[in-house]
Amino acid sequence: MAPRFLQCFLLVLVVFLDDFSVSLHASQDPPLKLDYYESTCPSVLEIVRKEMECAVLSDPRNAALILRLHFHDCFVQGCDGSVLLDDTYTLKGEKKASINDHALKGFNIIDRIKNKLESECPGTVSCADILTVAARDATILVGGPYWDVPLGRKDSKTAGYELATSNLPGANEGLLSMISKFLYQGLSVTDLVALSGAHTIGMARCVNFRDRIYGDYETTSGMSPVSDSNLNNLRTICPATGGEDNKESAMDSVTPNLFDNSFYHLLLKGQGLLNSDQELYSSIWGIETKKLVQKYAENPVAFFEQFSESMVKMGNITNDQSFVDGEVRKNCRFVNT
Ligand code: HEM
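- An unreviewed UniProt entry lists the protein under the name Peroxidase, with Daucus carota subsp. sativus given as the organism.
- Looking at the protein in UniProt, the text filed under Catalytic activity (unreviewed entry) is "2 a phenolic donor + H2O2 = 2 a phenolic radical donor + 2 H2O".

Written out as structure tokens, the structure reads:
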């Protein structure tokens, strides 16, 4: 880990220079290969794809659940399936960490894929790889881009409860802090803006957007009749006080189940649902991020290309330790005995 003063210096460079990408954390290129399971489990991609088709067909929200799970896996110890582990007497999983508690779902979809793969090619395909491929398929199934997924990750035997809280950005995260958390993972400002485009699908809970809708939403959205009515609607779903913390609203109210670039159009209109999302366009530090939001709003192809590239980069954040003593779990929820 680089000393604090060096981190601050690099952060300033990142904010003011055009996408100066540097890694404080990521390792060298991980030993992943596109054809990793070619001889040991040739049907892996087909099996994952079929299961994801069923899941997304039955409810498009499932695509969002899996995409988010993959992100929350990769930012904690690398993409090693650690997020999938249940609590046991000897292991404190990541699921109950405050940022994940009540906020992560879709584990049963991964269980189903794992069961199918265990009967087809037992003990072969890691849960971390399943989640990575499933996230790619989830994206395609709701209209997003395709990318090739390098494979060969190992599953961890440990989880990072504390790391989940420190590494993952929250709904009210400021821009500089988000940049710094991405940088720590070896991801750039461009990666941050492109990957945030995942919020073009899925829902957020009132507890995560209350500060925004009773905060600067009115200011950023310019109080047009349309934004006024959107805001009133959001405030009805999510009252300032009282319960309703778990009531949900789509992050992209225009096309909630479609993977497109309308998330960026909402940011241009100052109508991002999360403080963290609107920061990308409205923060005083957001000279570079604002340009990127404008670019992806204007050019959906550029967004799709960058999203694919950034997803491969995020998926390649590996856990070096898991290559030394990792395993292929039989059940994604538990370390092998
Ligand atoms: C940039 C920093 C990010 C922040 C601060 C952030 C924060 C959040 C928050 C607060 C929610 C709502 C959770 C809830 O209310 O239960 C959410 C949902 C979601 N996030 Fe992010 N996120 C970020 C980046 C990402 C990335 C990189 C991805 C994937 C590539 C992603 C994918 C999703 C998806 C798909 C959902 C919807 C999940 C659902 O429908 O349940 N997010 N995010």
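## Section: the pattern of salt bridges
Link 1 in the chain: Across all of its chains, the model carries 18 salt bridges by this definition.
Link 2 in the chain: Between Lys95 and Asp86 there is a salt bridge whose closest N-O contact spans 2.4 Å. Exposure class is identical for Lys95 and Asp86. Each is buried.
Link 3 in the chain: Note that Arg212 and Asp216 form a salt bridge whose closest N and O atoms lie 2.8 Å from each other.
Link 4 in the chain: Overall, the relative accessible area of 0% leaves Arg212 in the buried class.
Link 5 in the chain: Residue Asp216 is classed as partly exposed on the basis of its relative accessible area, which comes to 36%.

## Digging into the layout of surface pockets
A probe matching the size of a water molecule, rolled over the atoms, marks out where space remains unfilled.
Link 1 in the chain: Reported here for the largest pocket is a volume of approximately 880 Å³.
Link 2 in the chain: Lining the largest pocket are 40 residues; nearest its centre among them are Arg68, His72, His199, Met251 and Leu274.
Link 3 in the chain: Within the residue set of the lining of the largest pocket, elements represented by two or more residues are helix 3 (61-74), helix 7 (175-184), helix 8 (189-196), strand 1 (203-205), helix 9 (206-213), helix 13 (275-282) and helix 15 (300-315).
Link 4 in the chain: A per-element tally of the lining of the largest pocket places helix 3 first, with eight residues.
Link 5 in the chain: When its residues are assigned to classes, the lining of the largest pocket shows 24 nonpolar, nine polar and seven charged.

## Digging into the coordination of the iron atom of the ligand
Link 1 in the chain: In this structure the iron atom of the ligand is ligated by exactly one protein donor, His199 (NE2), at 2.1 Å.
Link 2 in the chain: If you trace the backbone, His199 turns up in the loop between helix 8 and strand 1.

## Overview of the environment of Asn115
Link 1 in the chain: Following the sequence through the fold, Asn115 ends up in helix 4 (residues 107-120).
Link 2 in the chain: With a relative accessible area of 54%, Asn115 lands in the exposed category.
Link 3 in the chain: Between the C-alpha atoms of Asn115 and Asn331, which are 216 residues apart in sequence, the distance is 8.0 Å.

## Thoughts on the domain arrangement of the protein
Interfaces are often sized by the amount of accessible area the parts lose when they come together.
Link 1 in the chain: Under the domain assignment, the protein is made up of domain 1 (29-168 + 312-325) and domain 2 (191-308).
Link 2 in the chain: Each of domain 1 and domain 2 has a C-alpha centre, and these two points are 26 Å apart.
Link 3 in the chain: Each side of the interface is counted separately: domain 1 has 19 residues, and domain 2 has 14 residues.
Link 4 in the chain: Here domain 1 meets domain 2 over a buried area of about 1300 Å², counting both sides, of which 62% is carbon and sulfur.
Link 5 in the chain: Summed over the three residues of domain 1 that lose the most area to domain 2, namely Arg61, Val142 and Pro145, the buried surface amounts to 35% of that side.
Link 6 in the chain: Linking domain 1 with domain 2 are three salt bridges, by the criterion used here.
Link 7 in the chain: Its salt-bridge partner being Lys105, residue Glu248 comes within 3.9 Å of it at the nearest N-O pair.
Link 8 in the chain: Inspection of the domain 1/domain 2 interface yields four residue pairs in polar contact (both at pLDDT 80 or more).
Link 9 in the chain: Put simply, the parts of the chain that give the side of domain 1 that touches domain 2 at least two residues each are helix 3 and helix 15.
Link 10 in the chain: Ranked by the residues each element gives to the side of domain 1 that touches domain 2, the list is headed by helix 3, at four residues.

The rules we used
- Residues numbered from 1 in each chain as written.
- Predicted model: local features only at pLDDT ≥ 70, side-chain atom pairs only at ≥ 80, totals over all residues.
- Heavy atoms only, no water.
- UniProt positions renumbered as here; feature names shortened; annotations may be inferred.
- Salt bridge = Lys/Arg side-chain N within 4 Å of Asp/Glu carboxyl O.
- Buried < 20%, exposed > 50% of the residue type's maximum accessible area, 1.4 Å probe, protein only.
- 1 Å grid on protein atoms, 1.4 Å probe; cavity = no way out; pocket = protein on both sides within 12 Å on 5 of 7 lines; lining within 4 Å.
- Points joined across faces, edges and corners; volume = space filled by probe spheres on them.
- Helix = DSSP H or I, 4+ residues; strand = E, 2+ residues; numbered from the N terminus.
- Nonpolar A, V, L, I, M, F, W, Y, C, P; charged D, E, K, R; others polar.
- Donors = N, O, S within 2.8 Å, 3.2 Å for Na, K, Ca; no water.
- Domains from an automatic or database assignment.
- Contact = heavy atoms within 4.5 Å.
- Buried area = accessible area lost by both parts, 1.4 Å probe.
- Polar contact = N/O pair within 3.5 Å; in protein donor to acceptor, adjacent residues only side chain to side chain.

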